[in-house]
Amino acid sequence: MHPAVDVSWDLIVRWLDEHRDPELIEMEWFTTPATEADIDAVAAEIGGPLPADLVAWWRLAGGGFDPESTVHLLPPGQLPLGPADAIRVRAKCRELMSYEVSPEADATGPAGGETTVFGSQFLPVAWDHGHTNLFVDLRPGPQHGCVMRWDDESAVRGGPLWPSVTAMLADTARALTDGTPALAGRADCVPELDEEAMFWEPAEPA
């Protein structure tokens with residue numbers, strides 16, 4: 001069992017608050033809740049209910065994420081997105097995909113499966129300002145709600161990184177607070193924080 005979303009997020013925020021330069025990294029980005037209207041707008045855009053753990057996270061933080069931030073808080077180096085930016089990044093991914101395939105193309109198969117199409121049921125929850133993002137896969141199936149990584153170059157490969165948003169936040173909190181590498185067995189990365197930025201580096205071999 002993973003800790004609840006609020007427990008993991010509290011650990012993450014406290015770690016960042018303790019280690020940041022207060023003049024350069026604003027905590028408001030990570031502590032301003034999303035509005036219910038913004039959350040509802042995402043559900044309307046997707047056309048169905050959102051995972052309860054994602055909604056719980058956005059009710060803690062999601063209204064104050066700075067899209068220009070360099071605090072890539074989530075492994076393997078992604079900036080969390082609130083609801084409004086999630087819709088924006090989703091639209092960007094769908095638009096870029098349409099240059100390669102038909103705009104009507106969609107990801108088929110159950111949640112967690114590989115695909116070369118950024119599906120209509122993919123909801124970004126973090127990105128790196130560039131060509132990759134973490135998204136929640138809302139396709140039906142046993143892995144509904146899993147978190148996967150999209151890459152503009154290689155699309156979706158390798159299966160889910162985490163089975164849920166709850167697991168993603170728990171893995172992040174554990175890596176920050178006790179030094180256990182995040183994404184163990186996949187990316188094995190550890191956090192680094194300098195004056196203005198946070199990022200993730202490969203862990204040293206044990």
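Remember, predicted model here, so these are calculated numbers, not experimental data.

**Focus: the overall build of the protein chain**
Thinking step 1. For the protein chain, the helix and strand inventory stands at 6 helices and 6 strands.
Thinking step 2. Each helix and strand of the protein chain, ordered N terminal to C terminal, gives the series α-α-α-α-β-α-β-β-β-α-β-β.
Thinking step 3. Rg of the C-alpha trace for the protein chain: 16 Å, near the compact-globule value of 17 Å for 206 residues, within the 12% margin.
Thinking step 4. The principal-axis extents of the C-alpha atoms in the protein chain amount to approximately 45 × 40 × 35 Å.
Thinking step 5. Counting over 206 residues, the protein chain shows a buried share of 49%.
Thinking step 6. Within the protein chain, counting contacts between residues at least 6 apart in sequence, those at least 24 apart form 57% of the total.

**Some words on the packing of aromatic side chains**
Thinking step 1. Scanning the entire structure with this criterion turns up 6 aromatic pairs.
Thinking step 2. Seen in terms of ring centroids, Phe118 and Phe122 are 5.4 Å apart; in terms of plane orientation they differ by 85°. Their pairing is edge-to-face.
Thinking step 3. The exposure class of Phe118 is buried, given its relative accessible area of 0%.
Thinking step 4. Ring geometry for Phe118 and Phe135: centres 5.8 Å apart, planes at 65°, overall edge-to-face. One end of the pair, Phe118, is in the loop between helix H5 (83–98) and strand E2 (122–127); the other, Phe135, is in strand E3 (residues 132–137), and 17 residues separate them in sequence.

**A few points about the nonpolar core**
Thinking step 1. Among the nonpolar cores identified, the biggest contains 46 residues, and Trp9, Trp57 and Trp58 are the most heavily contacted of them.
Thinking step 2. Secondary-structure elements contributing two or more residues to this core are helix H1 (5–19), helix H2 (28–31), helix H3 (36–46), helix H4 (52–58), E2, E3, helix H6 (165–178) and strand E6 (198–202).
Thinking step 3. If near-sequence neighbours (up to four positions away) are discounted, Trp58 is found in contact with Pro33, Ala34, Ile39, Val42, Leu50, Leu81, Gly82, Pro83, Ala86 and Leu123.

**So, unusual backbone geometry**
Thinking step 1. Here the residue pair Pro75 and Pro76 is connected by a cis peptide bond, since its omega of 5° sits within 30 degrees of zero.
Thinking step 2. With respect to the helices and strands, Pro76 occurs in the loop between H4 and strand E1 (79–80).
Thinking step 3. Although it is not a glycine, Asp188 sits at a positive phi angle of roughly 45°.
Thinking step 4. Tracing the backbone through its elements, the reader meets Asp188 in the loop between H6 and strand E5 (189–193).

**A word on the packing of H1 against H6**
Thinking step 1. Packing of H1 against H6 brings their axes to within 9 Å, and their N-to-C directions diverge by 35°. The two elements H1 and H6 cross, and the hand of that crossing is left-handed. Every residue of H6 that contacts H1 at Val5, Ser8, Trp9, Leu11, Ile12 and Trp15 is listed here: Thr166, Leu169, Ala170, Thr172, Ala173, Leu176 and Thr177.
Thinking step 2. Classifying every residue of the contact of H1 with H6 gives 9 nonpolar, 4 polar and no charged.

**Topic: a negative patch on the surface**
Thinking step 1. There is a patch of like negative charges on the surface, built from Glu192, Asp194, Glu195, Glu196 and Glu201.
Thinking step 2. Residue position: Glu196 is located in the loop between E5 and E6.
Thinking step 3. A residue is classified by how much of its surface remains accessible, and Glu196, at 51% relative accessible area, is exposed.

**Regarding the confidence of the model for the protein chain**
Thinking step 1. Scored by pLDDT, the protein chain comes out at a mean of 91, with 96% of its residues at no less than 70.
Thinking step 2. Averaged over each element, pLDDT in the protein chain is lowest for H5 (88) and highest for H4 (98).

**With respect to the sheet that holds E2**
Thinking step 1. Strand order in the open sheet formed by 4 strands is E1-E2-E3-E4, and the pairing between neighbours is antiparallel. At either end of the open sheet lies a strand with only one pairing partner, and these are E1 and strand E4 (147–151).
Thinking step 2. Across 5 bridges, E2 lies against E3 in antiparallel orientation. Within E3, the residue paired with Phe122 across the bridge is Asp137.

**Some remarks on H1**
Thinking step 1. Taking 1.5 Å as the rise per residue, H1 with 15 residues should run 21 Å; its terminal C-alpha atoms sit 21 Å apart, in good agreement.
Thinking step 2. If you check which residues of H1 are buried, you get Val5, Ser8, Trp9, Ile12, Val13, Trp15 and Leu16. Down the axis of H1, the buried side of the element spans an arc of 160°, and every buried residue falls inside it.

Rules behind the numbers
The numbers attached to residues start from 1 for each chain and follow its sequence in the written order. Local features in this predicted model are restricted to residues whose pLDDT is 70 or higher, and side-chain atom pairs enter the listing and the counts only when it is 80 or higher, whereas totals over whole chains, interfaces and linings include all residues. Here the side-chain values reflect all heavy atoms present in the structure, with hydrogen atoms and water set aside. A run of DSSP states H or I qualifies as a helix once it reaches four residues; a run of E qualifies as a strand once it reaches two. Both are numbered from the N-terminal end. The size measure is the radius of gyration over C-alpha atoms, and the globule rule it meets is 2.2 Å times the number of residues to the 0.38 power. Burial classification: accessible surface area is computed with a 1.4 Å probe over protein chains only, and a residue below 20% of its type maximum counts as buried, one above 50% as exposed, and the rest as partly exposed. It only takes one pair of heavy atoms within 4.5 Å for two residues to be counted as in contact. Pairing of aromatic rings covers Phe, Tyr and the six-membered ring of Trp, with a centre-to-centre limit of 6.5 Å; geometry is then stacked below 30 degrees between planes, edge-to-face above 60, and tilted otherwise. Working definition of a nonpolar core: buried Ala, Val, Leu, Ile, Met, Phe, Trp, Tyr and Cys residues. They are joined through side-chain atoms within 4.5 Å. In this description, a line fitted to the C-alpha atoms serves as the axis of each element, helices being fitted only across the stretch in contact, and the angle between N-to-C directions of two axes falls anywhere from 0 to 180 degrees. Left-handed describes a crossing whose near helix is turned anticlockwise from the far helix through less than a right angle; right-handed describes the clockwise counterpart. Gly is placed with the polar residues, together with every amino acid not listed as nonpolar (Ala, Val, Leu, Ile, Met, Phe, Trp, Tyr, Cys and Pro) or charged (Asp, Glu, Lys and Arg). In this analysis, a patch consists of residues with relative accessible area above 30% that form no salt bridge, clustered at 9 Å for like charges and at 5 Å for the nonpolar side chains Val, Leu, Ile, Met, Phe, Trp and Tyr. Per-residue accessibility takes into account occlusion by the displayed protein chains alone, with areas from the Shrake-Rupley method and a 1.4 Å probe. By definition, a salt bridge exists where a carboxyl oxygen of Asp or Glu is found within 4 Å of a side-chain nitrogen of Lys or Arg. We treat Lys and Arg as the positive residues and Asp and Glu as the negative residues; His and chain ends play no part in the count. A single reference atom marks each charge: NZ on Lys, CZ on Arg, CG on Asp, CD on Glu. By definition, pLDDT measures how confident the predictor is in each residue, and it falls between 0 and 100. For two strands to count as paired, DSSP must find a minimum of two bridges between them. Multiplying one less than the number of residues by 1.5 Å gives the expected span of a helix. Think of it as the arc spanned by the lines of direction from the helix axis to the C-beta atoms.

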